[in-house]
Every structure is written in C-alpha cells, then in structure tokens.
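Coordinates in review
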Amino acid sequence: MYLSRFRLNTARPGARRLLSSPQSLHAAVMSSFPHLLPTDSGTPDGRRVLWRLDRNAAAEVLLYVVSPDRPDMTHLVEQAGWPAAATAEAPGWQSRPYTPFLDRLAEGSVWAFRLTANPVHQIRRKPGEPTKRTAHLTTTHQMDWLLDPGRQERSGFQICEKPADKRLLPGGTTHRNRPHHGDRYELMVRDQRNLAFPKKGMGDASKQHQVTLVTVTYDGRLTVTDPDRLRTTLTQGLGKAKAYGCGLMTLVPLSTTAG
C-alpha cells in the first residue's frame with residue numbers, strides 16, 4: 001500500500017476544473033494507475049483506491065491518495081501542478097510505502113485523525129414506503145454519525161473524550177429533545193459541502209440525472225481498539241461516496257506536548 005500527496009496549483013485552469021468536479025478528479029486519480037480504468041472502483045483483487053482533498057487555504061489544496069500500487073501522477077502535474085519545477089528526484093508529488101505504518105498500529109495507541117465523509121442515514125417517510133438514503137445536515141447529527149458505537153467498533157477505533165475540566169459545553173438535549181453530547185469528545189466537524197453534478201454518462205442536467213451529496217470533514221483524536229479493523233478502515237474507507245473523495249481517514253502522531 002502507498003500513501004501519496006499532491007499539491008494542486010489553484011492558479012491554473014486545469015486545477016480549478018478538477019476542483020469543480022468530483023467525477024473528473026476521480027477519473028484523474030484513477031488514471032494514475034496504468035492497469036486501472038477510471039470506471040473501476042478498485043483493483044481486480046478487491047483492493048481500493050481512496051482519495052481526499054484537504055483545502056487548508058485558498059492556495060494550499062492537497063490531494064491525498066491511498067492505493068495498493070505506487071501512482072504515476074505525471075498527468076496531474078502537467079494539468080494542475082508545477083510542471084516546470086518537476087525533476088526526476090522531485091516529480092511534483094510524494095509517495096511513501098504505507099504498509100510499514102499500518103503494521104505499527106497497536107491497540108491502545110492514540111492518534112490525531114482527519115476524515116472527509118458522507119454522513120447519511122436511512123429514512124422511511126410513510127409506513128410501507130421503501131427507505132431512502134438521506135444526508136445528515138446538522139453538526140450534531142453529523143457528529144453522532146461518527147460517534148455511533150457500532151460504527152466505531154466495526155472501524156477499530158474509539159473517539160477520545162475530553163477531560164471534564166476541558167469541556168466548555170455541558171451535555172443535554174436539543175430544542176427537539178434529542179440527546180446532545182455538548183463538548184464531551186475530541187471531535188470537530190467542519191467544511192460542509194453540498195455537491196450537485198450530473199451523473200456520469202448523463203448529458204442531461206435535469207434533477208433525475210443529478211448526483212447530490214453532502215460531505216463534511218472530521219478532525220479529532222482516536223484510540224485504536226482493534227488494529228486489524230482500523231487497518232481495513234484506513235485502506236478500504238469509511239462510509240459512502242468513496243468515488244467522490246469520501247471515506248479516506250489519515251492518522252498523525254500526537255505531539256509530545258499535546259494534551
């Protein structure tokens with residue numbers, strides 16, 4: 001497995017075009033692997049290619065990719081990077097073997113994490129009606145999606161709780177009498193994006209041929225509860241809409257002064 005990073009040159013029209021279309025960016029990512037087609041969701045043996053955009057600032061937009069094979073992002077550098085600055089030693093992107101890091105994950109270790117996801121749930125508006133997948137739209141519900149005990153157990157981690165003396169908001173209930181955890185967890189939800197674009201292969205931009213989804217980015221801290229399950233989460237993704245830049249979780253060691 002490999003973890004790769006590519007910085008987009010947001011001053012270039014090619015970069016802006018990719019940033020405006022999750023489908024185009026997905027196709028560009030998949031084109032980094034000569035043996036895969038843009039329509040493939042993963043490798044023939046079931047291993048998946050995941051990607052995520054981190055928009056840290058207007059001129060600092062980073063593309064992260066987790067993949068079974070080392071990518072060749074030459075086309076991305078030419079289209080949306082700094083091709084004149086590329087050299088054999090610094091081609092315009094960085095790729096590192098990911099497996100050694102994954103193998104070091106241990107139960108009980110604590111990490112900072114980032115995840116962009118598509119938090120959804122199934123609803124039924126009328127008795128007997130088929131369920132429909134619907135996005136969570138409030139920060140509370142989006143947090144609850146990731147805090148779901150079953151989801152955390154299946155994914156091999158547990159979101160850390162803040163010490164009581166560092167909690168700024170008490171728990172309680174919302175105005176609709178739903179439970180609210182206040183400031184209990186080391187978790188932040190930000191950068192909600194409401195995306196809508198024509199479905200692949202559908203030239204008609206009418207509503208019935210539109211893809212609509214809500215994405216949010218989670219930052220926080222987690223404790224590893226099951227290293228094998230967490231390795232699967234990090235390489236197979238978490239949640240829906242993985243082809244549109246969702247599901248990729250990355251971990252960062254905590255600084256020695258953190259906490």
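Owing to the predicted nature of the structure, the values given are computational and were not obtained by experimental measurement.

1. So, the overall build of the protein chain
A tally of regular secondary structure across the protein chain gives seven helices and 13 strands. Each of the 259 residues in the protein chain was classed as buried or not, and the buried ones make up 41%. Counting contacts in the protein chain only where the partners sit at least 6 residues apart, residues at least 24 apart contribute 68% of the total. Split by element, the accessible area of the protein chain, about 14,200 Å² in all, is 52% carbon and sulfur.

2. Examining the nonpolar core
Core analysis: the largest hydrophobic core is formed by 32 residues, its most contacted members being F113, L146, L187, Y218, M249 and L251. With near-sequence residues (within four places) excluded, L251 lies in contact with F101, L105, W111, A112, F113, L222, L230 and L234. One finds F6, L18, L25 and L63 within the second-largest nonpolar core, a separate group that totals 22 residues.

3. Quick look at the packing of aromatic side chains
Scanning the entire structure with this criterion turns up three aromatic pairs. Consider the rings of Y98 and F101, whose centres lie 5.8 Å apart with planes at 10 degrees: the pair is stacked. Among the residues examined, F101 registers a relative accessible area of 15% and is labelled buried. Ring-pair connections join several aromatic residues into one group, and the members of that group are Y98, F101 and W111.

4. Here's the deal with the environment of R55
Secondary-structure assignment places R55 in strand 2 (residues 50-57). Residues R55 and D191, spaced 136 residues apart in sequence, show a C-alpha to C-alpha distance of 8.8 Å. Dropping the residues within four chain positions of it, R55 is found in contact with L19, E60, V61, D191 and R193.

5. Observations concerning the sheet that holds strand 1 (residues 2-8)
Spatially, four strands are ordered 2-3-1-4 in an open sheet, and the strand pairing comes out antiparallel. Taken across any chain shown, the strands that pair with only one partner, and hence form the sheet edges, are strand 2 and strand 4 (93-97). Between one strand axis and the next, the sheet turns by 20 degrees as a mean value, whatever way the strands run. Of the strand pairs in this sheet, strand 2 and strand 3 (residues 60-67) are connected by seven bridges, and their pairing is antiparallel. Its bridge partner being in strand 3, R52 is matched across the sheet by Y64. Contacts between helix 2 (residues 22-30) and the sheet are confined to strand 2 and strand 3, with strand 2 contributing the most and set at about 120 degrees to the helix.

6. Structural notes on unusual backbone geometry
Residue D191 is not a glycine yet carries a positive backbone phi of 55 degrees. Structurally, D191 is set in strand 11 (residues 187-198). With relative accessibility at 29%, the residue D191 sits in the partly exposed group. Of note, A241 is a non-glycine position whose phi angle comes to about 60 degrees, a positive value.

7. Section: the environment of I159
Secondary-structure assignment places I159 in strand 8 (residues 157-159). C-alpha of I159 to C-alpha of W111: the two residues are 48 residues apart in sequence and 9.8 Å apart in space. If near-sequence neighbours (up to four positions away) are discounted, I159 is found in contact with F113, L146, L147, Q152, Y185, E186, L187, R221 and L222.

8. Comments concerning the pairing of strand 12 (residues 210-224)
Burial analysis of strand 12 places eleven of its 15 residues in the buried class, which makes it a mostly covered element. Pairing analysis gives eight bridges linking strand 5 (residues 110-117) to strand 12, with the strands arranged antiparallel. Paired with L115 across the bridge in strand 12 is Y218. Where strand 8 and strand 12 come together, three bridges link them in antiparallel fashion. Each residue of the ladder has a partner; that of I159, found in strand 12, is L222.

Calculation rules
Residues numbered from 1 in each chain as written. Predicted model: local features only at pLDDT ≥ 70, side-chain atom pairs only at ≥ 80, totals over all residues. Heavy atoms only, no water. Helix = DSSP H or I, 4+ residues; strand = E, 2+ residues; numbered from the N terminus. Buried < 20%, exposed > 50% of the residue type's maximum accessible area, 1.4 Å probe, protein only. Contact = heavy atoms within 4.5 Å. Areas by Shrake-Rupley, 256 points an atom, 1.4 Å probe, with all protein chains shown as cover. Core = buried A, V, L, I, M, F, W, Y, C linked by side-chain atoms within 4.5 Å. Phe/Tyr/Trp six-rings, centres within 6.5 Å; stacked < 30°, edge-to-face > 60°. Pairing = 2+ DSSP bridges. Axes fitted to C-alpha atoms, helices over the stretch in contact; angles between N-to-C directions.

Shape is all these values report; function is a separate question.
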